[in-house]
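Fold and geometry: a report
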Amino acid sequence: MNKLFIPVLGSFGAGFGIATLLTNKNEIKEILSNSQSLKAATVLNPPPGSHLVEYKQTGVVSNDDLALGNVSRTQQIMKHGYPSLDNLRIFDNFVLSYDRRNRVANWVFEHMSFEKMRPAESIDRGKCEFREDSSIHQYFRSTNQDYKGSGYDRGHLAAAANHRSSQALMDQTFVLSNMAPQVGKGFNRDKWNELEMEVRKMVKENDNVWVCTGPLYLPKKEADNKLYVKYEVIGPQHVAVPTHFFKVVLCEKQGEYKLYSYVLPNLPCDQSTPLSSYLVPVDSIERAAGFLIFDKVPRKLIKSINGK
């Protein structure tokens with residue numbers, strides 16, 4: 001099968017990512033830390049009649065509100081701010097921003113608690129089917145045909161196992177706008193799955209957990225001493241294959257917060273490498289992705305970042 005790669009020459013300030021073959025932890029941190037800051041281009045006050053109006057934040061949501069369900073589910077999920085307002089898709093249990101050029105999400109947000117994650121007895125993952133997101137114009141949506149024969153898994157960004165409280169909620173996670181091409185063996189089915197399970201463990205240990213997950217396209221220095229972003233695209237729709245993925249986890253317990261931020265290469269990972277080896281400063285992810293994450297949380301309330 002012929003594979004198509006898109007090379008992009010860059011003096012990278014903003015962070016279009018670490019290349020596919022870059023796996024060393026120190027290399028990842030060096031590239032991320034050397035990226036210049038990029039402010040998120042968001043419309044904070046969309047004009048009257050804009051479809052973005054309904055996505056505006058409506059103020060601070062208290063812990064009591066979260067516990068009593070006095071706010072909408074979307075407000076619960078996005079309590080700590082939207083990274084951007086670009087092509088938002090609001091689902092019953094997660095929210096995403098869609099990148100129409102790359103045919104994958106910019107980010108996906110989830111809110112979890114032990115109660116909300118309690119599985120229903122009738123849940124059957126086998127009943128779920130991968131399907132196109134019909135809310136996205138056909139020019140810009142990914143399809144099952146894109147993944148067929150590509151060698152990549154349709155990798156969940158909002159993990160299906162996080163949404164087992166009803167069949168309908170799990171079904172929604174199989175929409176293709178929630179997918180990105182992921183290496184199967186060694187990554188999606190192994191190390192990435194291990195990280196998803198670690199997040200669910202955090203849910204059991206905390207009152208609330210928020211998760212922001214997304215792709216990265218990171219540069220690599222080549223033989224000519226220049227930085228390039230190179231990533232494969234698959235299928236008729238040219239769906240971008242991210243070089244890396246990030247997951248930022250915010251845990252809240254009794255009003256205090258802990259934050260964990262991971263970056264993993266989209267490659268088979270050594271299963272003996274602990275997840276802690278993939279922890280990076282959250283600002284390095286923000287610089288590379290081009291938006292801020294959990295920026296509405298007062299930093300004085302965050303008692304621990306990456307376990308420190």
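Everything numeric in this text was worked out from a predicted model, so none of it was measured.

**Description of the environment of S276**
With respect to the helices and strands, S276 occurs in the loop between β12 (256-265) and α7 (282-289). For S276, a relative accessible area of 44% puts it in the partly exposed group. Sequence-wise, S276 and N306 are 30 residues apart; in three dimensions their C-alpha atoms are separated by 8.2 Å.

**Examining empty space enclosed by the protein**
Evaluation of the coordinates by the stated rule reveals 1 cavity of 30 Å³ or more. In this structure, the largest cavity spans a volume of roughly 30 Å³. Classifying every residue of the lining of the largest cavity by side-chain character gives 4 nonpolar, 1 polar and 3 charged.

**Topic: helix α6 (residues 184-205)**
Taking 1.5 Å per residue, 22 residues should reach 32 Å; α6 reaches 29 Å between its end C-alpha atoms and fits that length. Residue N193 marks the point of greatest curvature in α6, where the axis turns by about 40°. Along α6, the residues that are buried comprise G184, G186, F187, N188, K191, W192, L195, E196, V199, R200, M202 and V203.

**Here we look at α7**
Along α7, the residues that are buried comprise V282, S284, I285, E286 and A288. Immediately downstream of α7, the backbone of G290 shows phi near 95°, a positive value.

**Here's the deal with the confidence of the model for the protein**
Mean pLDDT over the protein: 84, with 77% of residues reaching 70 or higher. This model gives residues 34-68 a pLDDT under 50, and the stretch forms 52 contacts once residues within four places in sequence are excluded.

**A few points about the sheet that holds strand β7 (residues 208-216)**
Strands sit in the order β2-β3-β4-β7-β11-β12-β13 across an open sheet of 7 strands; the sheet is mixed. Each of the sheet's edge strands pairs with one partner strand only, and the pair in question is β2 (88-90) and β13 (302-305). Taken pair by pair, the neighbouring strands of this sheet meet at an average axis angle of 15°, ignoring direction. Sheet topology note: the strand β4 (residues 104-112)/β7 ladder contains 5 bridges and is antiparallel. Counted as the bridge partner of F109 is C212 from β7. Along the sheet, α6 contacts β4, β7, β11 (244-253) and β12; its crossing angle with β11, the most-contacted strand, is approximately 10°.

Conventions adopted
Residues numbered from 1 in each chain as written. Predicted model: local features only at pLDDT ≥ 70, side-chain atom pairs only at ≥ 80, totals over all residues. Heavy atoms only, no water. Helix = DSSP H or I, 4+ residues; strand = E, 2+ residues; numbered from the N terminus. Buried < 20%, exposed > 50% of the residue type's maximum accessible area, 1.4 Å probe, protein only. 1 Å grid on protein atoms, 1.4 Å probe; cavity = no way out; pocket = protein on both sides within 12 Å on 5 of 7 lines; lining within 4 Å. Points joined across faces, edges and corners; volume = space filled by probe spheres on them. Nonpolar A, V, L, I, M, F, W, Y, C, P; charged D, E, K, R; others polar. Expected span 1.5 Å × (residues − 1). Bend = angle between axes of the 7 residues up to and from the residue. pLDDT = per-residue confidence, 0-100. Contact = heavy atoms within 4.5 Å. Pairing = 2+ DSSP bridges. Axes fitted to C-alpha atoms, helices over the stretch in contact; angles between N-to-C directions.

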